[in-house]
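# Architecture at a glance
These are the residues of each chain, in order.
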Amino acid sequence: MEEKKTPKKPIIFYYVIVLIILFLLNSLLVPAMMRAQIQEVSYNTFVGWLEEGRVTQVETSDTQITFLAKNETDREGVYTTGRMENDDQLSERLLARPEVEFGKVIPRQNSPLLMFLLTWILPIVLFLLLGQMMARQLQKRMGGNAMQFGKANAKIYVQAQTGMTFADVAGEDEAKESLSEIVDFLHNPQKYTQIGANMPKGALLVGPPGTGKTLLAKAVAGEAQVPFFSISGSEFVEMFVGMGAAKVRDLFKQAQDKAPCIVFIDEIDTIGKKRDGGVMGGGNDEREQTLNQLLTEMDGFDGRKGVVILAATNRPDSLDPALLRPGRFDRRVPVELPDLSGREAILRVHARNVVTEDNIDYNAIARATAGASGAELANIVNEGALRAVRCGRDRVSQSDLEESVEVVIAGYQRKGAVISQKEKEIIAYHEIGHALVAARQTESAPVHKITIIPRTSGALGYTMQVEEGEHVLLSRGEAFNKIATLTGGRAAEELIFGSVTSGAANDIEQATKLARSMVTRYGMSENFDMMALETVSNQYLGGDTALACSAETAAQVDREVLSVIREAHEKAAGILRENEAKLHELARFLLKKETITGEEFMEILGKREPEA
Ligand code: ADP
Ligand code: MG
Ligand code: ZN
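Here we summarise the structure given alongside this text.

Reading the values: the criteria
- Residues numbered from 1 in each chain as written.
- Chains lettered and ligands numbered in written order.
- Predicted model: local features only at pLDDT ≥ 70, side-chain atom pairs only at ≥ 80, totals over all residues.
- Heavy atoms only, no water.
- Patch = residues over 30% accessible without salt bridge, like charges linked within 9 Å, V, L, I, M, F, W, Y side chains within 5 Å.
- Areas by Shrake-Rupley, 256 points an atom, 1.4 Å probe, with all protein chains shown as cover.
- Salt bridge = Lys/Arg side-chain N within 4 Å of Asp/Glu carboxyl O.
- Helix = DSSP H or I, 4+ residues; strand = E, 2+ residues; numbered from the N terminus.
- Buried < 20%, exposed > 50% of the residue type's maximum accessible area, 1.4 Å probe, protein only.
- Donors = N, O, S within 2.8 Å, 3.2 Å for Na, K, Ca; no water.
- Tetrahedral: all angles 85-135°; square planar, octahedral: opposite > 155°, others 65-115°.
- Pairing = 2+ DSSP bridges.
- Phe/Tyr/Trp six-rings, centres within 6.5 Å; stacked < 30°, edge-to-face > 60°.
- Lys, Arg positive; Asp, Glu negative; His and termini not counted.
- Charge placed at Lys NZ, Arg CZ, Asp CG, Glu CD.
- Axes fitted to C-alpha atoms, helices over the stretch in contact; angles between N-to-C directions.
- Left-handed = near helix turned anticlockwise from the far one by under 90°.
- Contact = heavy atoms within 4.5 Å.
- Nonpolar A, V, L, I, M, F, W, Y, C, P; charged D, E, K, R; others polar.
- Arc of directions from axis to C-beta.

On to a nonpolar patch on the surface, then. Together, I12, F13, Y15, V16, I17, I20, I21, F127 and M134 line one region of the surface with nonpolar side chains, adding up to about 760 Å² of accessible area. Looking at the nonpolar patch, the elements that each hand over two or more residues are α1 (11-37) and α4 (112-142). Here F127 is to be found in helix α4. Using a relative accessible area of 39% as the deciding quantity, one classes F127 as partly exposed.

Applying the stated rule across the entire model yields 16 salt bridges. The salt bridge partner of R348 is E344, with a shortest N-O separation of 3.1 Å. Taken as a pair, R348 and E344 lie in helix α13 (residues 340-351) at a separation of four residues, close to a single helical turn. Residue class for R348 comes out partly exposed when judged on its relative accessible area of 43%. Residues participating in the shared-partner salt-bridge network are D299, R325 and R328.

Surrounding the zinc ion (ligand 3) are the protein donor atoms H430 (NE2), H434 (NE2), D507 (OD) and D507 (OD), which sit 2.0 to 2.8 Å from the metal. Taken together, the four donor atoms surrounding the zinc ion (ligand 3) define angles of 52 to 147° at the centre, an arrangement classified as irregular. All donors to the zinc ion (ligand 3) come from one chain, and their sequence spacing reads H-x3-H-x72-D. Of the two residues, H430 is situated in helix α17 (residues 421-440) and D507 in helix α19 (residues 505-520); the sequence distance between them amounts to 77 residues. In this pair, the class of H430 matches that of D507, namely buried.

This part is about the pairing of strand β7 (residues 202-206). Here β7 lies mainly inside the structure; five of its five residues are buried. Burial of the side chains of β7 extends over both faces: G202, L204 and V206 are buried on one face and A203 and L205 on the other. With five bridges connecting them, β7 and strand β10 (residues 307-313) associate as parallel partners. What sits directly across from G202, in β10, is I309. As judged from the four bridges shared by β7 and strand β11 (residues 331-334), these two strands associate in the parallel manner. Among the inter-strand pairings, L204 is bridged to a residue of β11, identified as R332.

Describing an aromatic ring pair means giving the distance of the ring centres and the angle of the ring planes. Tallied over the entire structure, the rule returns eight aromatic pairs. Ring plane angle 75° and centroid distance 6.3 Å describe the contact between W49 and F67, whose orientation is recorded as edge-to-face. With W49 in helix α2 (residues 43-51) and F67 in strand β3 (residues 64-70), this residue pair connects regions lying 18 residues apart in the sequence. Across the pair, F67 and W49 agree in class, each one buried. Ring geometry for F228 against F264: centres 6.2 Å apart, planes inclined by 25°, an arrangement best described as stacked. Of this pair, F228 sits in strand β8 (residues 228-232) while F264 sits in strand β9 (residues 261-266), placing them 36 residues apart in sequence.

This paragraph deals with a negative patch on the surface. There is a patch of like negative charges on the surface, built from D173, E174, E177 and D339. By the secondary structure assignment, E174 is in helix α6 (residues 173-187).

All right, on to the packing of helix α21 (residues 580-593) against helix α22 (residues 598-606) then. Viewed as axis vectors pointing N to C, α21 and α22 meet at an angle of 150°, and their least axial separation amounts to 10 Å. You can see that α21 and α22 cross each other, and the crossing is right-handed. Taken together, the residues of α22 that come into contact with α21 (itself represented by K582, E585, L586, F589 and K593) are E600, F601, I604 and L605. Taken together, the residues of the contact of α21 with α22 sort by class into five nonpolar, no polar and four charged.

Turning to α2, its buried residues number three or more, namely Y43, F46, V47, W49 and L50. The buried residues of α2 all sit within an arc of 165° when viewed along its axis, so they share a single face. Buried-residue contacts for α2 involve β2 (55-60), β3, β4 (76-82) and α3 (90-96). Downstream of α2 by a residue or two, G53 has a phi angle that is positive, lying close to 75°.

Written out as structure tokens, the structure is:
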């Protein structure tokens, strides 16, 4: 919630208020107070009252007599009167009255202290208050806490607050094992110190986005039952140089006070990037100072005290090497994309939160989602639930989940899209072309589903392939077949319509990428053998490749890539020519039904061709 704000008033408003107060005090109030207290009376009255015994206290100066007296109505007050030059008997007269005391009548009247306070201290205090008010306004406007310099605002999580345990993290067993050792260390440190083992000071969770790194860290907090400081790397990056470093210092000080505890720095790459030589404009001073402070702090504390630092990143190769050396983040916990069983487990974990029908085949969904991250799988379950509600059902069904797989992969169906019959035909032949090439190559995965319903992602139709088992390795033959399958769509268009369309753009991109990897990275080309021609950075974020060879070689690489694709394209065209009758039959079937399943496809394909 946004904090409630009083309507903003311009600074000048406060100045005016203060000036008015000062003016009132100095020019009106003080004299008024004095005037209210001291009344001037004539000398006769004074003498008269003195005789009547009304005067009780008298103070004389060279020119004035100030006295305390009761007037005719018996009200006591302070009075003053001028001093008569020729009244020599004044002292005697005064002394004759026993009730009269001599001394200061109104000590306040000309108290130097009071005057000093009013004229000097009060304005200063007021201006200080004004200054504070201004600073607070400024702070609000900047949105930060500029006055709390260097305070780390790490939130402290305890178990009850995250509420996560390892049970909420499906799959990722290696990561969990590695982390539970750390949890165990925090509970029973003597077990480790007895044998002389040092616990790692820090563990770095690395992996693609959405694989559950942040989730794992929260689960550790839930399991460990020790204080858990969580801060994101970007929170260190501050407006002022030096602030980030101060925050790091403060964070570690807090952590050491609370040991045993866990400090979690999410997205550490924001501060942990490689420091450059500062050739270009001196580099980023603030970030470097923060990083240096972090390194210093990590060296500074005693690992046996029980402070464990977790960090997460999806760009490990951009981290400064100093962060990764032993004694700092010396343990690297990979959090990879889930495999088949991992995906199934993640689906099940998230399906616990929704009402489903009893006979859901999670394995089928998991098989259809090769390469999906935990976050995407969570999204699939949620989309399925949304779809069930949209359809007015109170349970999530298998088909809800299957449809939401496509939604997450390809976007929603574009129901309103108008596509001419001719174009629909082209799309149908294109998709069947992919599927047919895939099915006819033994090593390629069979199709799961083919559809020509356009999607919001821009796909006009697609073939969903299902990998039966998990592949860790890609053989040269498989890679080549994949490229052939990708070219199958275009090949079908050429064969049937004798022309080509833009519909193959995405296929071309993928085929080129794969063919290029075969040549430059997998060592699958004759000419280059096992020569690395490209380096990959940022493997978890799409993978940027950079050529690592001469321009001459680069040209040769291009030729090689082209020849691989060409060869695959020819293979696909050959397969389609051989199966032209099936191609027509399947395409017509798809046109009629718009979506066909893998079983339907295989059934038609397996049917004996009518003898010619
Ligand atoms: P990141 O690795 O980018 O930090 P998160 O930890 O933020 O990913 O994960 C995002 C969401 O994805 C989680 O909140 C969770 O719902 C889901 N998720 C990811 N991995 C898993 C997993 N292994 N088990 C269960 N849910 C997961
Ligand atoms: Mg995260
Ligand atoms: Zn295609």
